[in-house]
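One-letter residues, chain by chain:
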Amino acid sequence: MKNIRLRYAPSPTGYLHIGNTRTALMNYLFAKHYDGDFIVRIEDTDIERNVEGAIESQFSNMEWLGIIPDESFLKPKDGYGEYMQSKKFDRYKEFANDLLERGLAYKCFCTPEELEKDREAQIARGIVATQYSRKCLNRTDIAEMEGKPFNIRFKVPDNKDYTVNDIVRGEVTFNSKEIGDFVILKSNGIATYNFAVVIDDYDMKITHVVRGEEHISNTPRQCMIFEAFGWEEPTFGHMTLIVDETKKKLSKRSGNAVFFISQYREQGYLPEAIFNYIALLGWSPKEEKEIFTKEEFVKIFDETRFSKSPSTFDMVKMKWINSQYMKKLTEEQYLEFVKPFIDKERFSIDNKDQEWLDQVLLLFKKELEFAQQINDHLDIFFNEIEISEATKKVLSELNDYQELIGGLKSKFESLSNFEEQPIKDVIKELGVEFSKKGKDLFMPIRIFSTFSEHGPELAKTIALIGKEKVLRNINSLI
Ligand code: GLU
């Protein structure tokens, strides 16, 4: 059997985000499922659009997520050519000249102004999908053009069907009539995307191309180039769009969604959780389960299970999956993970007892969706705070708690061992004494002691806030 080889081919025009991560991840899973190779190739021919730091962002965030290339420019393998298009300009030129010599491509001397004029004329005639007029294919004054700059255009075969058996969409047929002669090598000597990509996929022996549906219209052009060289084309698969809740293509402008992988890192998401969620975007397993490890995904990957309709990115679900992974951490792992996310300007942790700090952080292990949220919970333990209007309102709706709080205050004052169990006992005694239970008992105690109407286990929280401060809270509210 042929060695399965897939590639992720980012253009360094931006940083790693949900959309391109999904492409990288599906190619990775596909390759690994078949014991094949996953290759990362940098498509940097559009030099003006390259963004500084983009390549670094792609590699470091992929590594963080566990999408590890077998080959890339950092890990090249002999015999597959360069892994960065900007290093292959001569090779593309050679192939373009070959097509020129064989009459499958031709020189086009039209200036951008001429092309634009021609395009406008076509529009004026009511043509919507304008095409190159082939002016230079039929030029008789070619000798006079000698020395002038030219693009090389591919001569698109006349009225020919190109059928692709797309992994996601099934059979898709394009007629060449819809496609004008396109530029393969620009006058500055740089190959265009549709040309370079074919030569690279050939050089790298790529067997399957899985990418976003925005590339589907490029596919017939690429098929024509494969055909012109007599090369076998890879199997294509075009995944459907990822959309936001307004059904628009997911982007950095999509309201609630966090878009860039670096933002997830900064906010304290776990890479395994992001991997898990993105693997379910536009692909689904047979099993009705949502939490899988990377190894499980590799095992169950099945290229026939790509979704045929757009997948909606759901931030709530992403957070939920992350919280599931956070719950699964051991206490030690959790503490190590969360501590760097504490806002040191708001909470001075260095002069605190570390055992105490660990206990405080552990209170929220089951509550956090991502690590940075820890900062929403620490104020009461570190700073002097005021009770919020919302909590005041809850308090005002409770009745008949004054005596209970009086009792709480005096019992706490005389409690020498201010720890979880004795505090629990105090609360229990108060319940009996004042014939209160449930919300009537716990809510006033929680609000007076912690200044909040909700929170983790009450007695533990009170113990960790500490006797002095809890009594200050109670007194100030009284
Ligand atoms: N460089 C292209 C992009 O970033 C990918 C092309 C492909 O996968 O064929 O969209």
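Residues numbered from 1 in each chain as written. Predicted model: local features only at pLDDT ≥ 70, side-chain atom pairs only at ≥ 80, totals over all residues. Heavy atoms only, no water.

### Let's talk about the packing of aromatic side chains
Part 1 of the argument: This structure, assessed with the given rule, holds 29 aromatic pairs.
Part 2 of the argument: Here phenylalanine 30 and phenylalanine 301 contribute two aromatic rings whose centre-to-centre distance is 5.3 Å and whose plane-to-plane angle is 35 degrees, an arrangement assigned as tilted. Of this pair, phenylalanine 30 sits in helix H1 (residues 18–33) while phenylalanine 301 sits in the loop between helix H10 (294–300) and strand E11 (311–312), and the two are 271 residues apart along the sequence. For the pair shown, phenylalanine 30 and phenylalanine 301 are each scored as buried.
Part 3 of the argument: Pairing phenylalanine 347 with phenylalanine 382 gives two aromatic rings, centres 5.4 Å apart and planes at 55 degrees, and the pair type is tilted. Of this pair, phenylalanine 347 sits in the loop between helix H12 (331–338) and helix H13 (354–362) while phenylalanine 382 is found in helix H14 (residues 379–382), placing the two residues 35 residues apart along the sequence. (Phe/Tyr/Trp six-rings, centres within 6.5 Å; stacked < 30°, edge-to-face > 60°. Helix = DSSP H or I, 4+ residues; strand = E, 2+ residues; numbered from the N terminus. Buried < 20%, exposed > 50% of the residue type's maximum accessible area, 1.4 Å probe, protein only.)

### Quick look at the site of the ligand
Part 1 of the argument: What surrounds the ligand is the set Arg7, Ala9, Ser11, Glu43, Tyr193, Val197, Arg211 and His215.
Part 2 of the argument: When the ligand is considered free in solution it has 300 Å² of accessible area, and contact with the protein chains removes 81% of it.
Part 3 of the argument: Spatially, the ligand is embedded in the largest pocket.
Part 4 of the argument: Residues of the shell around the ligand, tallied by class, amount to three nonpolar, two polar and three charged. (Near = heavy atom within 4 Å. Areas by Shrake-Rupley, 256 points an atom, 1.4 Å probe, with all protein chains shown as cover. 1 Å grid on protein atoms, 1.4 Å probe; cavity = no way out; pocket = protein on both sides within 12 Å on 5 of 7 lines; lining within 4 Å. Sits in = over half its atoms within 2 Å of the grid points. Nonpolar A, V, L, I, M, F, W, Y, C, P; charged D, E, K, R; others polar.)

### Here's the deal with helix H16 (residues 402–413)
Part 1 of the argument: Taking 1.5 Å per residue as the helical rise, H16 with its twelve residues ought to reach 16 Å, and the 17 Å between its terminal C-alpha atoms agrees with that figure.
Part 2 of the argument: Where H16 is concerned, the buried positions are Leu404, Ile405, Gly407, Leu408 and Phe412. Projected down its long axis, H16 shows its buried positions confined to an angular sector of 155 degrees, all on one face. Relative to its buried face, H16 has exposed residues pointing more than 90 degrees away, namely Gln402 and Glu403.
Part 3 of the argument: Next to the buried residues of H16 lie helix H17 (420–433), helix H18 (438–450), helix H19 (458–465) and helix H20 (467–477). (Expected span 1.5 Å × (residues − 1). Arc of directions from axis to C-beta. Contact = heavy atoms within 4.5 Å.)

### Structural notes on the side chain of glutamine 122
Part 1 of the argument: Secondary-structure assignment places glutamine 122 in helix H4 (residues 112–124).
Part 2 of the argument: Residue class for glutamine 122 comes out buried when judged on its relative accessible area of 9%.
Part 3 of the argument: Engagement of the side chain of glutamine 122 in a polar contact is seen with the backbone oxygen of glutamine 131, the distance being 2.7 Å.
Part 4 of the argument: Here glutamine 122 is in contact with Ile127, Thr130 and Gln131, once residues within four sequence places are set aside. (Polar contact = N/O pair within 3.5 Å; in protein donor to acceptor, adjacent residues only side chain to side chain.)

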